[in-house]
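One letter stands for each residue in the lines below.
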Amino acid sequence: MFDYHMHSRVSFDGHDTGLNMAKAAQAAGLKEICFTDHLDYDPRGLIRMDFDTESYNAAYDGLEVPGLTIRRGAEFGMLRDN
């Protein structure tokens, strides 16, 4: 089983580290995961829900859990312009 929609604390709505999440995924029997932290835009410029590239890379560079494939992605979105 795979999980390709995971948000670590790099994302505004994540609450745990990538390592802790990867270990939990492995313990749950997952074979592959993908961190898809938010990169969302508000055309009005009122809300910022994006991640810092340096923080993103620091969180996942070198992240390894034996027996678990770890991929990186992003969840792109745009808030409606009301």
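Before reading on, note that the structure itself is shown above.
Residues numbered from 1 in each chain as written. Predicted model: local features only at pLDDT ≥ 70, side-chain atom pairs only at ≥ 80, totals over all residues. Heavy atoms only, no water.

Novice: In this structure, what is going on with the sheet that holds strand β2 (residues 32–41)? I would like to understand it.
Specialist: Backbone hydrogen bonds are what pair the strands of a sheet, in a parallel or an antiparallel way. With parallel pairing, the three strands of this open sheet are ordered in space as β1-β2-β3. Strands with a single pairing partner mark the edges of an open sheet, and in this sheet they are β1 (2–6) and β3 (69–78). For this sheet the average axis-to-axis angle between neighbouring strands, irrespective of direction, equals 20°. Against the sheet, helix α1 (residues 18–27) makes contact with β1, β2 and β3, and its axis sits at roughly 140° relative to β2, the strand it touches most. (Pairing = 2+ DSSP bridges. Helix = DSSP H or I, 4+ residues; strand = E, 2+ residues; numbered from the N terminus. Axes fitted to C-alpha atoms, helices over the stretch in contact; angles between N-to-C directions. Contact = heavy atoms within 4.5 Å.)

Novice: Can you walk me through a nonpolar patch on the surface in this structure?
Specialist: Residues Tyr 41, Phe 76 and Met 78 make up a contiguous nonpolar surface patch of roughly 390 Å² in combined accessible area. Along the chain, Tyr 41 falls in strand β2. (Patch = residues over 30% accessible without salt bridge, like charges linked within 9 Å, V, L, I, M, F, W, Y side chains within 5 Å. Areas by Shrake-Rupley, 256 points an atom, 1.4 Å probe, with all protein chains shown as cover. Salt bridge = Lys/Arg side-chain N within 4 Å of Asp/Glu carboxyl O.)

Novice: Would you take a moment to explain the side chain of His 38 for this structure?
Specialist: Topologically, His 38 is positioned in strand β2. A polar contact of 3.2 Å, which involves the side chain of His 38, links it to the side chain of Asp 13. (Polar contact = N/O pair within 3.5 Å; in protein donor to acceptor, adjacent residues only side chain to side chain.)

Novice: What am I meant to see in the nonpolar core here?
Specialist: A general tendency of soluble globular proteins is for nonpolar side chains to be buried together. With 13 residues, the main nonpolar core has Met 6, Ala 22, Ala 25, Ile 33, Phe 35, Tyr 60 and Leu 68 as its most contacted residues. Within the residue set of this core, elements represented by two or more residues are α1, β2 and α2 (53–60). If one sorts the elements of this core by residue count, α1 sits on top with three residues. Residues in contact with Ala 25, not counting those within four places in the same chain, are Leu 30, Ile 33 and Leu 68. (Core = buried A, V, L, I, M, F, W, Y, C linked by side-chain atoms within 4.5 Å. Buried < 20%, exposed > 50% of the residue type's maximum accessible area, 1.4 Å probe, protein only.)

Novice: Just checking my understanding: could you explain the packing of aromatic side chains for this structure?
Specialist: Aromatic rings considered in pairs are described by the distance between their centres and by the relative angle of their planes. In total, this model carries three aromatic pairs according to the counting rule given. With 6.1 Å between their ring centres and 45° between their planes, Phe 2 and Tyr 4 make a pair best called tilted. Judged by centre distance (4.6 Å) and plane angle (25°), the rings of Phe 35 and Tyr 60 are stacked. Placement of Phe 35 in strand β2 and of Tyr 60 in helix α2 is noted, with a sequence separation of 25 residues between them. Take Tyr 60: its relative accessible area is 4%, and that puts it in the buried class. (Phe/Tyr/Trp six-rings, centres within 6.5 Å; stacked < 30°, edge-to-face > 60°.)

That's the geometry; what it means functionally is another story.
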